[in-house]
Amino acid sequence: MKEIKNTAKIETKCLHSGYTPKNGEPRVMPIVQSTTYVYDSTNSVADVFDDPTLSLIYSRFENPTTDCVEKKIAALEGGAAAMCTSSGQAASLLSILNICEAGDSFIASSSIYGGTVNLFGFTLKKMGIECIWVDVNATPEELDSAFKPNTKAVFGETIANPALTVFDIEMWANAAHKHNVPLIVDNTFATPYLCRPIEWGADIVVHSTSKYMDGHAVQVGGVIVDSGKFNWDNGKFPCLSEPDESYHGTVYTKQYPAAPYITKARMQLMRDFGCYPAAHSSFLLNLGLETLAVRMPVYCSNALKAAEFIASSDKVEAVYYPGLKTDKYHSLAEKYLPLGTSGVISFSIKGGRDAAVRFMDSLELASNEVHVADIRTCVLHPASATHRQLSDEQLVAAGIDGGLIRLSVGLENIDDILADLKQAFDKM
Ligand code: PLP
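Residues numbered from 1 in each chain as written. Predicted model: local features only at pLDDT ≥ 70, side-chain atom pairs only at ≥ 80, totals over all residues. Heavy atoms only, no water.

1. Considering the sheet that holds strand β10 (residues 367-368)
Strands sit in the order β8-β9-β12-β11-β10 across an open sheet of 5 strands; the sheet is mixed. With one partner strand each, in any of the chains shown, β8 (316-320) and β10 form the two edges of the open sheet. Where β10 lies against strand β11 (residues 378-380), 2 bridges are found, and the strand directions are parallel. What sits directly across from serine 367, in β11, is cysteine 378. On top of the sheet, helix α12 (residues 292-311) reaches β8, β9 (344-349) and β12 (404-408); it is set at about 10° to β9, its chief contact. Of the strands in this sheet, β9, β10, β11 and β12 are in contact with helix α14 (residues 352-362), which crosses β9 at around 125°. (Pairing = 2+ DSSP bridges. Helix = DSSP H or I, 4+ residues; strand = E, 2+ residues; numbered from the N terminus. Contact = heavy atoms within 4.5 Å. Axes fitted to C-alpha atoms, helices over the stretch in contact; angles between N-to-C directions.)

Structural data, given as structure tokens:
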């Protein structure tokens, strides 16, 4: 056996995410499956409570495995810091609650995910927070006139699920900034591979990581990214610029100037709500992130071919895919999504709800799932599933009709995907 003469410590980095293990720690990304951390003294514990960024306190709001993933997603989005959540819904909820309280309002694009419509339009309303809906196609003047003195944020979705409208991030960011409030963008479908909203003026980015980031349908999760660029000291956000009495007088903008928004979200909201992912969930999410850049181009090219095929069928009323040159949002897609417009296509089949159900039940390769943005091709009928709770007016505002089918194109061979669509159309 070869004798090892040099006994000097060799610094190693973890294979996943660049985590540098300290002496005695494992040499791969740790799955720190622990609720608790141990300190050398009582005073150390006190110090960490004074400044939680010094070390770890409790896995209800921080964990070394999740921390690796948070840093990775912050870097991917070009943000200053990130906080993972146990679902995309939790990320959207906390992104608003972090800066709005009873008596406040915020503006949201009418073309967003149905679950977010419920959250904003019903649940937050019960908590005294008003959502002002503005058409995704509003002119700058129409958008400007929607602001009220109590409006604290603006929210939109880069590529809306399932209407597949493209959000004019720069225009909405300018409107938000004119009124001294941040723009929050749900970037779930685009992922930072296709669009980085912060580069277009967004201040906060949220994701359902359950979709392309995870990519394999194994883990529900979410994340909030703080750009670190918004000026919270503008007088509109005392929750960040004045002492937090629930955290012994911490002034987030003063004590944590690099990323006050996300520090508050963690120290206050995550501490209180505890919707934080478990270490193992974050480990699985990291596996998905590591192949995101390889998967996204394939989803995009497969979906473009599928969208062209669907558009050529006489059984189809309309196709919504911003990658198609004929799509209403193609020019916005060219601006914000030059690498492609994701794997999700929506289309309306002639014959309404009954025809949509018949077509979907004829598919063999594509499965019927309440999911989207996965490696496997799947379909969903939004009007009877994810958007079932919406009123007819809300369905129209979200761009949904009875014949609408959401097709999430996966990574299978494109010839197989097209053959499946063809045989289902042939049965119509
Ligand atoms: N945002 C978008 C765009 C979504 O599509 C979804 C879920 O489909 C969510 C948020 C909510 O995410 P989750 O299901 O992870 O709670």
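2. As for the site of the ligand
In the vicinity of the ligand there are 13 residues, among which Asn161, Asp186, Ser208, Ser210 and Lys211 approach most closely. Contacts to the ligand include glutamine 89, whose backbone N or O atom sits 2.9 Å from an oxygen atom. One of the side-chain nitrogen or oxygen atoms of asparagine 161 is found 2.8 Å away from an oxygen atom of the ligand. Calculation on the ligand without its partners gives an accessible area of 390 Å², and the protein chains cover 90% of this total. Here the residues of the shell around the ligand are counted per class, giving 2 nonpolar, 8 polar and 3 charged. (Near = heavy atom within 4 Å. Polar contact = N/O pair within 3.5 Å; in protein donor to acceptor, adjacent residues only side chain to side chain. Areas by Shrake-Rupley, 256 points an atom, 1.4 Å probe, with all protein chains shown as cover. Nonpolar A, V, L, I, M, F, W, Y, C, P; charged D, E, K, R; others polar.)

3. Some points on unusual backbone geometry
Proline 162 follows asparagine 161 through a cis peptide bond whose omega is 5°. Of note, the phi angle at alanine 217 is positive, near 60°, even though the residue is not glycine. Take alanine 217: it is sitting in the loop between β6 (204-208) and β7 (222-226).

4. Here we look at the domain arrangement of the chain
Size of an interface, as often reported, equals the accessible area lost when the parts are brought together. When the domains of the chain are assigned, the result is domain 1 (7-287) and domain 2 (294-426). Averaged C-alpha coordinates put domain 1 and domain 2 at centres separated by 29 Å. The interface of domain 1 with domain 2 comprises 38 residues on the first partner and 40 residues on the second. For the pairing of domain 1 and domain 2, the buried interface totals around 3,200 Å² over both sides, and the portion due to carbon and sulfur atoms is 64%. Summed over the shared surface of domain 1 and domain 2, the number is 1 salt bridge. In this structure, glutamate 170 and lysine 335 form a salt bridge, with 2.6 Å as the shortest nitrogen-oxygen distance. (Domains from an automatic or database assignment. Buried area = accessible area lost by both parts, 1.4 Å probe. Salt bridge = Lys/Arg side-chain N within 4 Å of Asp/Glu carboxyl O.)

5. Remarks on the sheet that holds strand β3 (residues 130-134)
Each strand in a sheet pairs with another by means of backbone hydrogen bonds, the pair being arranged parallel or else antiparallel. The sheet built from 7 strands is open, its strands ordered β1-β7-β6-β5-β4-β2-β3 with mixed pairing. Either end of the sheet is taken by a strand with one partner, and the two such strands are β1 (81-85) and β3. Strand-to-strand, the axes of this sheet are offset by a mean angle of 20°, without reference to chain direction. Relative to strand β5 (residues 183-186), helix α6 (residues 169-178) is tilted by about 150°, and along the sheet it contacts β2 (105-109), β3, β4 (151-157) and β5.

6. Focus: the packing of aromatic side chains
Aromatic ring pairs are reported here in terms of the distance separating the ring centres and the angle at which the planes meet. Counting across every chain of the model gives 13 aromatic pairs. On the basis of an interplanar angle of 90° and a centroid distance of 4.8 Å, the ring pair of phenylalanine 106 and phenylalanine 120 is categorised as edge-to-face. Pair noted here: phenylalanine 106 is in strand β2 and phenylalanine 120 is in helix α4 (residues 114-126), with a separation of 14 residues, a long-range link. Judged by its relative accessible area of 0%, phenylalanine 106 falls in the buried class. Residue phenylalanine 120 is classed as buried on the basis of its relative accessible area of 1%. Ring geometry for tryptophan 232 against tyrosine 261: centres 5.4 Å apart, planes inclined by 15°, an arrangement best described as stacked. Of this pair, tryptophan 232 sits in the loop between β7 and α8 (238-241) while tyrosine 261 sits in helix α10 (residues 260-273), and the two are 29 residues apart along the sequence. Of the residues examined, tryptophan 232 reaches a relative accessible area of 2% and is grouped as buried. Each member of the aromatic cluster is reached from another via a ring pair, and the members are Phe230, Trp232, Phe237 and Tyr261. (Phe/Tyr/Trp six-rings, centres within 6.5 Å; stacked < 30°, edge-to-face > 60°. Buried < 20%, exposed > 50% of the residue type's maximum accessible area, 1.4 Å probe, protein only.)

7. Looking at the nonpolar core
Ranked by size, the top nonpolar core spans 88 residues in total, and within it Phe106, Ile107, Phe120, Trp172, Leu183, Ile224 and Leu337 carry the most contacts. Both of domain 1 (7-287) and domain 2 (294-426) provide at least three residues apiece to this core. Look past the residues within four positions of isoleucine 107 in its chain and what remains in contact with it is Ile132, Val134, Leu143, Ala146, Phe147, Thr151, Ala153, Val154, Phe155 and Trp172. Of all hydrophobic cores here, the second largest spans 26 residues; its members include Phe347, Met360, Ile405 and Phe425. (Core = buried A, V, L, I, M, F, W, Y, C linked by side-chain atoms within 4.5 Å.)

8. Description of the environment of histidine 387
Its location among the elements puts histidine 387 in the loop between β11 and α15 (392-397). A relative accessible area of 0% places histidine 387 in the buried class. In sequence terms histidine 387 and leucine 56 are 331 residues apart; their C-alpha atoms lie 40 Å from each other. Filtering out sequence-adjacent residues up to four positions away, histidine 387 remains in contact with Ile112, Tyr113, Gly114, Asn161, Pro162, Pro382, Leu395 and Ile400.

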